[in-house]
Amino acid sequence: GDEIQIKVLDHPEFDLALPVPRGGTFPFPGLWPLALEGRSTTDLENEVRTGLSQKGLLRDPRVSVCVKTHARHRVYVLKGVKYPQAYEYPAGTELYLTQALSLAGGLLPEADPERVRVIRRGPGARERGLLLVDLREILQGGKVEKDPLMEPDDTVVVEGKSYTATEQIAV
């Protein structure tokens, strides 16, 4: 999702500006596919420089790679909050579950803070994990280490309170 720019000094035929594709690789002109995801700009500069030299395309190429724009990530808060919707946050920043719930206006009175689910999605929107979180442990018990860090495309669902037969429900 980041957009990168690759420039080769005095050789505009090798200049590129492109978003990093979902698979994280793209074919660089005259070279093999470059793996972009999780790599530094310095790593990419070195790989392009080496590749252009080894393939005999350029002698001593001067390559620069920069990130033009950083991707934005989304977390989806669907149920049990005042403002259910998708919330964006910049890549490279941290967003914790309690912060995402705060962005969503906090829990509704009928929401059960002991029954919070975080659904993790992988490539192709397949579920790759499920976290069950008890907010009371975090907020009242002071166990901040149990406040999960949100990942891109996480979905948060806060279930409603369940009542036992002996409890009265005010109508």
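Every chain's residues receive numbers from 1 upward, in the order its sequence appears when written. Local features in this predicted model are restricted to residues of pLDDT 70 or higher, and side-chain atom pairs are both shown and tallied only at a pLDDT of 80 or more, whereas totals for entire chains, interfaces and linings draw on every residue. No hydrogens and no water enter the side-chain calculation; it runs on all heavy atoms of the structure.

A. View of the overall build of the protein. In this text, helices come from DSSP runs of H or I with a minimum length of four residues, and strands from runs of E with a minimum of two, each type numbered from the N-terminal end. In terms of helices and strands, the protein carries 3 helices and 10 strands. Values of the radius of gyration come from C-alpha atoms, whereas the globule rule sets the reference at 2.2 Å times the count of residues to the power 0.38. Compactness check: the protein gives a C-alpha radius of gyration of 23 Å against a globular reference of 16 Å for 171 residues, more than 25% above the reference. Throughout this description, buried means an accessible area under 20% of the type-specific maximum (1.4 Å probe, protein chains only), exposed means over 50%, and partly exposed covers the range between. Split into buried and exposed, the 171 residues of the protein put 32% on the buried side. Contacts: residue pairs with any heavy atoms within 4.5 Å of one another. The long-range fraction of contacts in the protein, counting pairs at least 24 apart against all pairs at least 6 apart in sequence, stands at 49%. Charged residues are defined here as Lys and Arg on the positive side and Asp and Glu on the negative side; His and the ends of the chain fall outside this count. Charge placement uses NZ in Lys and CZ in Arg. For Asp and Glu, CG and CD serve respectively. A gap of 2 Å separates the mean positions of the 22 positive and 25 negative side-chain charges of the protein.

B. Geometry of helix 1 (residues 41-54). In a helix, the anticipated span is given by 1.5 Å times the number of residues less one. Compared with the 20 Å implied by 1.5 Å per residue over 14 residues, the 20 Å span of helix 1 between its first and last C-alpha is a close match. Those residues of helix 1 that sit buried are Leu44, Glu45, Glu47, Val48, Gly51 and Leu52. All buried residues of helix 1 lie within an arc of 165° about the axis, which places them on one face of the element. Positive backbone phi, at 75°, marks glycine 56, one or two positions downstream of helix 1. The arc in question is the one spanned by the directions pointing from the helix axis to the C-beta atoms.

C. Spotlight on the pattern of salt bridges. Salt bridges are identified by distance alone: a Lys or Arg side-chain nitrogen within 4 Å of an Asp or Glu carboxyl oxygen. Going through the model one piece at a time under the given rule, you end up with 10 salt bridges. Of the charged contacts in the structure, one is a salt bridge between arginine 136 and glutamate 114, with a shortest N-O distance of 3.1 Å. Of this pair, arginine 136 sits in helix 3 (residues 135-139) while glutamate 114 sits in strand 8 (residues 111-121), placing them 22 residues apart in sequence. A single network of salt bridges, built from pairs that share partners, joins Lys79, Arg117 and Glu159.

D. Layout of the packing of aromatic side chains. For Phe, Tyr and Trp, rings pair up if their centres lie within 6.5 Å, where Trp contributes its six-membered ring, and each pair is then called stacked (planes under 30 degrees apart), edge-to-face (over 60) or tilted (otherwise). All told, the structure shown has 2 aromatic pairs when counted by the stated rule. Seen from their ring centres, phenylalanine 14 and phenylalanine 28 are 6.2 Å apart, and the 10° between their planes marks the pair as stacked. Residue phenylalanine 14 is found in the loop between strand 1 (3-8) and strand 2 (16-19), and its partner phenylalanine 28 is found in the loop between strand 3 (25-27) and strand 4 (33-35); the two are separated by 14 residues along the sequence. For the pair phenylalanine 14 and phenylalanine 28, one class covers both residues: buried. Ring centres of phenylalanine 26 and phenylalanine 28 lie 6.5 Å apart, and the angle between their planes is 65°; on these two criteria the pair is classed as edge-to-face. Among the residues examined, phenylalanine 28 registers a relative accessible area of 2% and is labelled buried. Joined through ring pairs, the aromatic side chains of Phe14, Phe26 and Phe28 make up one cluster.

E. The pairing of strand 6 (residues 72-79), seen in detail. The pairing criterion is simple: DSSP has to find at least two bridges between the two strands. Relative to strand 7 (residues 85-90), strand 6 is paired through 6 bridges, and the arrangement is antiparallel. The residue bridging valine 77 from the neighbouring strand is glutamine 85, located in strand 7. Between the end of strand 6 and the start of strand 7, which pair antiparallel, lie 5 residues, with glycine 80 showing a positive phi angle near 85°.

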